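Overview (structure and organization)
So you can see what is in the structure, the chains are spelled out below.
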Amino acid sequence: MTTDRTPLTRTELAGLLTDAAQSVSGILTAEYPTAAGRSYLHPVLGPLAAGPQVVGELNDRLEGFVAAEPRPATPAGLFTLASYASALGWLTESFAELTASVDQICTRVGIPTEPRDPAVAALDGAEQDDAFDFAFSALELVAIRTAAQAAGLTPDDYVEVLSQSLLAAARITDACMEISNGLLEDAAYVLDEATDHVWIGDGPDSLPTLVRSLLARMEAAQ
């Protein structure tokens, strides 16, 4: 069912992109309680919990934006639609990658199977101390061994899955920051610089920031 409305002003269009940017950036500050036995997942649990809700909210807003009458048809409206849709697609893809990374970590440690006996894990870790100690201070080693014991992992295994978790967190952080910044740049363009003509060409303003970023990523992957 559509809703009749007057075309959105540039201020309203820019606000749509700005609100989306704030929602995306909010993913990075989301917290989620982490049990001691799963401390290696702490870097990713906040984004993993908040991401699907943000994706759902952005999708609902996009559906409302394109379903209302009259449909976006002005250059500024189409520019906003392209930017918003690109952001949503990029964010959805990024969270699919995050979910796959977390699934790999869980498989690596045996979730949902029972963790190994902490005494066995500590014994295995003692056999690897010569290769393990050099990279950490004494205090760091104590913290790692304590966390590894709580997780039922050897210290080496714990460091491995924690590293994977930190890498996945870094990737989703980079994606969210680029998406949020791109939305803000496009919002500023819609508000301050958009004209009555659609720019088509090779210039920096020919396409929304996120569209250009996605095209650059596709070209780099070829």
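Summarised in this report is the structure supplied together with it. Here the structure is a predicted model, which is why all the values come from computation and not from measurement.

**A few points about the packing of aromatic side chains**
Counted by the stated rule, this structure contains two aromatic pairs. Plain terms: the ring middles of Tyr40 and Tyr158 are 6.1 Å apart, the flat faces sit at 80 degrees to each other, and that makes the pair edge-to-face. Placement of the pair is Tyr40 in the loop between α1 (10-26) and α2 (42-67) and Tyr158 in helix α7 (residues 155-192), with a sequence separation of 118 residues. Here Tyr40 and Tyr158 have matching classes, each one buried. Taking 4.6 Å as the distance between ring centres and 45 degrees as the angle between the ring planes, the aromatic pair formed by Phe79 and Tyr189 counts as tilted. Of this pair, Phe79 sits in helix α3 (residues 75-109) while Tyr189 sits in helix α7; the two residues are 110 residues apart in sequence, bridging distant segments of the chain.

**Details of the pattern of salt bridges**
For the structure shown, the criterion picks out two salt bridges. Between Arg108 and Asp157 there is a salt bridge whose closest N-O contact spans 2.8 Å. Here Arg108 is found in helix α3, whereas its partner Asp157 is found in helix α7, with 49 residues between them in sequence. Judged by its relative accessible area of 35%, Arg108 falls in the partly exposed class. One salt-bridge network, in which partners are shared between bridges, spans Arg108, Asp157 and Glu160.

**A short note on the packing of α1 against α3**
Two numbers describe a pair of packed helices, the interaxial angle and the distance between the axes. Interaxial distance between α1 and α3 falls to 10 Å at its minimum, and their mutual angle equals 10 degrees. With respect to their mutual orientation, α1 and α3 come out roughly parallel. Contacts from Arg10, Leu13, Leu16, Leu17, Ala20 and Val24 in α1 reach Ala76, Gly77, Thr80, Ser83, Tyr84 and Leu91 in α3.

Conventions and cut-offs
- The numbering scheme is per chain: residues are counted from 1 as the chain's sequence reads.
- Reporting in this predicted model follows two pLDDT cut-offs: at least 70 for local features of residues, and 80 or more for side-chain atom pairs to be given and counted; totals over whole chains, interfaces and linings ignore these cut-offs and use all residues.
- Water and hydrogen atoms were dropped before computing side-chain values, which therefore reflect all heavy atoms in the structure.
- Any two rings among Phe, Tyr and Trp, with Trp reduced to its six-membered ring, count as a pair given centres within 6.5 Å; such a pair is stacked if its planes are under 30 degrees apart, edge-to-face if over 60, and tilted if neither.
- The secondary structure listing takes helices from DSSP runs of H or I that are at least 4 residues long and strands from runs of E that are at least 2 residues long, numbered from the N terminus.
- To sort residues, take the accessible area from a 1.4 Å probe on protein chains only and compare it with the maximum for the residue type: under 20% means buried, over 50% means exposed, and anything in between is partly exposed.
- Salt bridge, as used here, is a side-chain nitrogen of Lys or Arg placed within 4 Å of a carboxyl oxygen of Asp or Glu.
- For helices, the fitted axis covers only the stretch in contact; all axes are lines through C-alpha atoms, and the angles between them, taken along N-to-C directions, range from 0 to 180 degrees.
- Just so you know how the angles are binned, under 35 degrees is roughly parallel, over 145 roughly antiparallel, 65 to 115 roughly perpendicular, and the rest oblique.
- Here, two residues are considered to be in contact whenever any of their heavy atoms come within 4.5 Å of each other.

That is the geometry; function is a separate question.
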